[in-house]
Amino acid sequence: MLNPLSSKLPDIGGTIFAEMSALAQECQAINLGQGFPDYSPPDALIQAVVEAMAQGHNQYAPMAGLLQLRQAIASKVETQHGHAYSAESEITVTAGATEALMSSLLALVHPTDEVVLIDPAYDLYAPSISLAGGKAVRVPMRPPEKDDPSFRVDWNRVEAAITKNTRMLVLNFPHNPTGLILKTEDLDALEVLIRKHPVLLLSDEAYEHIVFDGQIHLSPVSRPLLAEHTVLVSSFGKTFHATGWKTGYCCAPHHVMREIRKVHQFTVFSVSTPMQAGISRYLRESDAVSGLPGFYQKKRDRLIAGLKNTPLRPLHAEGTFFLLVDASALDFKLEKELAIRLTHEIGVASIPVSAFYPDPGSSSANHHLLRLCFAKKDATLDEALERLEGLKAWLPG
Ligand code: PMP
Ligand code: GLN
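Residues numbered from 1 in each chain as written. Chains lettered and ligands numbered in written order. Predicted model: local features only at pLDDT ≥ 70, side-chain atom pairs only at ≥ 80, totals over all residues. Heavy atoms only, no water.

A.B. asks: Quick rundown of the packing of aromatic side chains? Include the residues and the values.
C.D. replies: Within this structure, the stated rule accounts for 15 aromatic pairs. Between Tyr60 and Phe269 the ring centres are 6.1 Å apart and the planes differ by 75°, which places this aromatic pair in the edge-to-face class. Linking Tyr60 in the loop between helix H2 (43–54) and helix H3 (67–81) with Phe269 in the loop between helix H10 (254–267) and helix H11 (273–285), this pair joins segments that are 209 residues apart in sequence. Judged by centre distance (5.6 Å) and plane angle (70°), the rings of Tyr207 and Phe322 are edge-to-face. (Phe/Tyr/Trp six-rings, centres within 6.5 Å; stacked < 30°, edge-to-face > 60°. Helix = DSSP H or I, 4+ residues; strand = E, 2+ residues; numbered from the N terminus.)

Set out below in structure tokens:
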């Protein structure tokens, strides 16, 4: 008989995204929970991948990724942020942003190291830090207030969380789930912080191309000092409406990338070759990203306009394909209970924002907020909005 197992992640079950997607399916609800589009990647990109397969790009890619894709990434990042990475030694193609984040954390965080996370935080970071033997130190954003209905990062609080054991600060802008983006003053604050505390920055920029209202995505790597400290992570899944392709990348100074590649080579070794060949051709031949902000802004605005006929109040959203809605007009205590009830009774699945906090059941994690994904066809959004109008019947009194 097998000896009893001791779990490395005793407090972790399935993710909230898998849980809400399964519930949506069970209830035949419209799934505005887990973040994925209900439309296809561009035809030219699909064609480029199909042709890559037909032309024989079907065996292992080089461990770090096809050189032509790494070169395309280098030129994209340089155009965007003015920082030149070496395609040979500073860029690695990964199995989605997920693998880039996990490989970076396993490679760079040592037992007893502390890693600062800003809450609400994407669910992957804390368990990955635990697997590396490190300790997550959580700093909450200031939640929305009546006269300032937006989350805010307090960089003084972030700095106060840094100790002599801090190895890394994790950043995620455009931010899932709040939609916050970094502004010039945030980068200024980060520069001051890094001068005093030269820690690593793990910058998850999965939504880098989805920023609204004429604003632009400012990456820490746009500042030379911060670039020296940063591992930039991104995902082609969001940019190309292809979350199921699980392709992404990371960029870092070569001595940092050398360590990340040691883990990457024993995690996946290399990433799907035809996807890489197709994406690199598409990046070279098409204007792959400039239409995205306008495309998603229209969807955000459609959702916001339709919500006027429901008791849900949208928060300000600067980026990503998520919108937070304040449900405090309805009578409930825990966001998760509301999200489950909504899926069953209204037929719309969402994500409770409390799931992005270490203790989703605590009152400090529950701000009466649900996350809605608007990466959906207009018809899907309209149908979801029609159903959400039914929430008026839930209003107390
Ligand atoms: N980081 C964030 C903030 C995300 O929202 C996601 C999922 N969409 C990921 C990383 C993972 O990206 P990928 O699907 O490319 O692994
Ligand atoms: N990043 C996606 C989200 O926030 C989920 C990806 C996943 O299911 N792991 O919805």
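Next comes the rest of the account.
A.B. asks: Could you give an account of the pairing of strand E8 (residues 248–251), naming the residues involved and the relevant values?
C.D. replies: Side-chain alternation along E8 places Gly248 and Cys250 on one buried face and Tyr249 and Cys251 on a second face that is also buried. Pairing analysis gives four bridges linking strand E2 (residues 91–94) to E8, with the strands arranged antiparallel. The partner of Ile91 across the bridge, within E8, is Cys251. Of the strand pairs in this sheet, strand E7 (residues 230–235) and E8 are connected by four bridges, and their pairing is antiparallel. (Buried < 20%, exposed > 50% of the residue type's maximum accessible area, 1.4 Å probe, protein only. Pairing = 2+ DSSP bridges.)

A.B. asks: So, the site of ligand 2: which residues are in play, and what are the values?
C.D. replies: The immediate surroundings of ligand 2 are formed by Phe17, Gln34, Gly35, Tyr122, Asn176, Tyr207, Lys238, Phe322 and Arg371. Gly35 is positioned with one of its backbone polar atoms (N or O) 2.7 Å from an oxygen atom of ligand 2. In the environment of ligand 2, an oxygen atom lies 2.9 Å from a nitrogen or oxygen atom belonging to the side chain of Asn176. Here ligand 2 loses 79% of its free accessible area of 300 Å² to cover by the protein chains. (Near = heavy atom within 4 Å. Polar contact = N/O pair within 3.5 Å; in protein donor to acceptor, adjacent residues only side chain to side chain. Areas by Shrake-Rupley, 256 points an atom, 1.4 Å probe, with all protein chains shown as cover.)

A.B. asks: Requested: an account of the sheet that holds E8, with residues and values cited.
C.D. replies: Strand order across the open sheet formed by seven strands is E2-E8-E7-E6-E5-E3-E4, with mixed pairing between neighbours. Lying at the two open borders of the sheet, with one neighbouring strand each, are E2 and strand E4 (135–140). Across the sheet, the mean angle separating the axes of adjacent strands is 20° when strand polarity is ignored. Across the sheet, helix H4 (residues 96–108) lies against E2, strand E5 (166–171), strand E6 (200–204), E7 and E8, angled at about 155° from E7, the strand it touches most. (Axes fitted to C-alpha atoms, helices over the stretch in contact; angles between N-to-C directions. Contact = heavy atoms within 4.5 Å.)

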